[in-house]
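A look at the structure
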There are 2 protein chains.
Amino acid sequence: MSHQKATNITWHHGHVDRAARESLLRQRGCTIWFTGLPSSGKSTLAFTLEHWLVERGHLSYVLDGDNIRHGLNKNLGFSPDDRVENIRRIGEVAKLFADAGVITCTSFISPYRADRDQARQVHEAAGLPFIEVFVKASVEVCETRDPKGLYRKAKAGEIKEFTGVSAPYEEPLRPELVIDTGELSVDAGVQVVIEELRRRSFIGA
Amino acid sequence: MSHQKATNITWHHGHVDRAARESLLRQRGCTIWFTGLPSSGKSTLAFTLEHWLVERGHLSYVLDGDNIRHGLNKNLGFSPDDRVENIRRIGEVAKLFADAGVITCTSFISPYRADRDQARQVHEAAGLPFIEVFVKASVEVCETRDPKGLYRKAKAGEIKEFTGVSAPYEEPLRPELVIDTGELSVDAGVQVVIEELRRRSFIGA
């Protein structure tokens, strides 16, 4: 065959194991699951963390509403069933990214414990680390950071079932990390996650 | 804050662009979409390619029935609608992986042109390369490689709607690559893809 030029290649068949990709990337694949009220600071933390990691040679990727709701989950609405399915799919995709060796950040309100616990479960069943980060901020603090005025509209009844106003947010009971964004700066909050990644040797010191 | 130890860090906010991840990985993120009859050799090619790439320092990941059907798509069956949705979700997930900089391989029969074209379209709309690889083999050749005897069962009517026997396979009209696995060895077939990745500078020479 004209395509078979090299004859001194050792060809390996079958699956590449996770350790080989992690060795290549010099990091451990994992999912960092940011959860909290609207405008609590989840995306700001996730993207600042991603920047910090990539600048230091670590592969990180953020799954958020922008890249999920307009793509994979564009056929889901906001019914109770669709909200469950939304988080289920995100958990499964995060698991695949973590399996690929990527330090995967997810930034979704994900207000229900059962949904977050399911995402945790699919990771743990696959032997993949799941770091739940509760991005803690009071409704009063979140309101001050709300550029689209969503809290105001929700309180005026113009938006129905708005988490924190007219729909519940179930705080994590045993999150790996809590970042109180009413107390900590963005950079200090990101540092909390970095320290956890180092402590568990998912990245080097 | 006790967590803010380093004070000489420059913190960057906002999204990391694709080029930064690709520079880190020294490769271009893309999707290599293997399509063909059952037992045509898709998974063998995909996993051999993944091995070749990872051994040379390139991050690659295979999406296939094993990691998709039991996870992300476990709530889908084999109705016409579910088959469309199956491939739609795979296309969207592959797009996210490619966006993360990963050389992403998908290994699914994906018998319908419209479904594959939709996967192509979501990639191209995002500026991401999509390499459709037609894994070509006659039913007669595939039958000889069928460890589970599925072709035999399909011909006996024990399996309904089996692609190539009792359900259609629409051959790609303009695939980027054709690998005739009745003619080429696995390794020679993988080499065809590697040459394409090099030719387009998705990996180094």
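Our subject is the structure listed above.
So, here's what we can say about the structure. Quick caveat: nothing in here was measured; it's all calculated off a predicted structure.

1. Describing the interface of chain B and chain A
On the side of chain A, 59 residues touch chain B, which itself brings 59 residues to the contact. When chain B packs against chain A, close to 5,200 Å² is buried across both sides, 64% of that on carbon and sulfur atoms. Summed over the shared surface of chain B and chain A, the number is 4 salt bridges. The partner of A:Arg21 in a salt bridge is B:Glu50, with the nearest N and O atoms 2.6 Å apart. Applying the counting criterion to the chain B and chain A interface returns 18 residue pairs in polar contact (both at pLDDT 80 or more). Only α1 (18-25), α2 (42-55), β2 (60-64), α3 (65-72), α4 (80-99) and α8 (186-199) of chain B provide two or more residues apiece to the side of chain B that touches chain A. Looking at the side of chain B that touches chain A residue by residue, the classes come out as 25 nonpolar, 17 polar and 17 charged.

2. With respect to the sheet that holds strand β5 (residues 177-180) of chain A
Residues and elements named next belong to chain A. Taken in spatial order, the 5 strands make up an open sheet running β2-β3-β1-β4-β5, and their pairing is parallel. Both outer strands of the open sheet, β2 (60-64) and β5, are each paired with one neighbouring strand and no more. Within this sheet the neighbouring strands show an average axis-to-axis angle of 20°, counted without direction. Direction of pairing for β2 relative to strand β3 (residues 103-107): parallel, over a ladder of 5 bridges. Across the sheet, the residue bridging to Ser60 is Ile103, located in β3.

3. A few points about the environment of A:Tyr169
All names here are of chain A. Summarising the element assignment, Tyr169 is placed in the loop between α7 (150-155) and β5. For Tyr169, a relative accessible area of 15% translates into the label buried. Once the C-alpha coordinates of Tyr169 and Pro38 are considered, the two residues, 131 residues apart in sequence, prove to be 10 Å apart. Look past the residues within four positions of Tyr169 in its chain and what remains in contact with it is Thr35, Gly36, Leu37, Ile109, Ser110, Pro111, Arg116, Phe134 and Thr163. There is a polar contact of 2.7 Å between the side chain of Tyr169 and the side chain of Thr35.

Reading the values: the criteria
- Residues numbered from 1 in each chain as written.
- Chains lettered and ligands numbered in written order.
- Predicted model: local features only at pLDDT ≥ 70, side-chain atom pairs only at ≥ 80, totals over all residues.
- Heavy atoms only, no water.
- Contact = heavy atoms within 4.5 Å.
- Buried area = accessible area lost by both parts, 1.4 Å probe.
- Salt bridge = Lys/Arg side-chain N within 4 Å of Asp/Glu carboxyl O.
- Polar contact = N/O pair within 3.5 Å; in protein donor to acceptor, adjacent residues only side chain to side chain.
- Helix = DSSP H or I, 4+ residues; strand = E, 2+ residues; numbered from the N terminus.
- Nonpolar A, V, L, I, M, F, W, Y, C, P; charged D, E, K, R; others polar.
- Pairing = 2+ DSSP bridges.
- Axes fitted to C-alpha atoms, helices over the stretch in contact; angles between N-to-C directions.
- Buried < 20%, exposed > 50% of the residue type's maximum accessible area, 1.4 Å probe, protein only.

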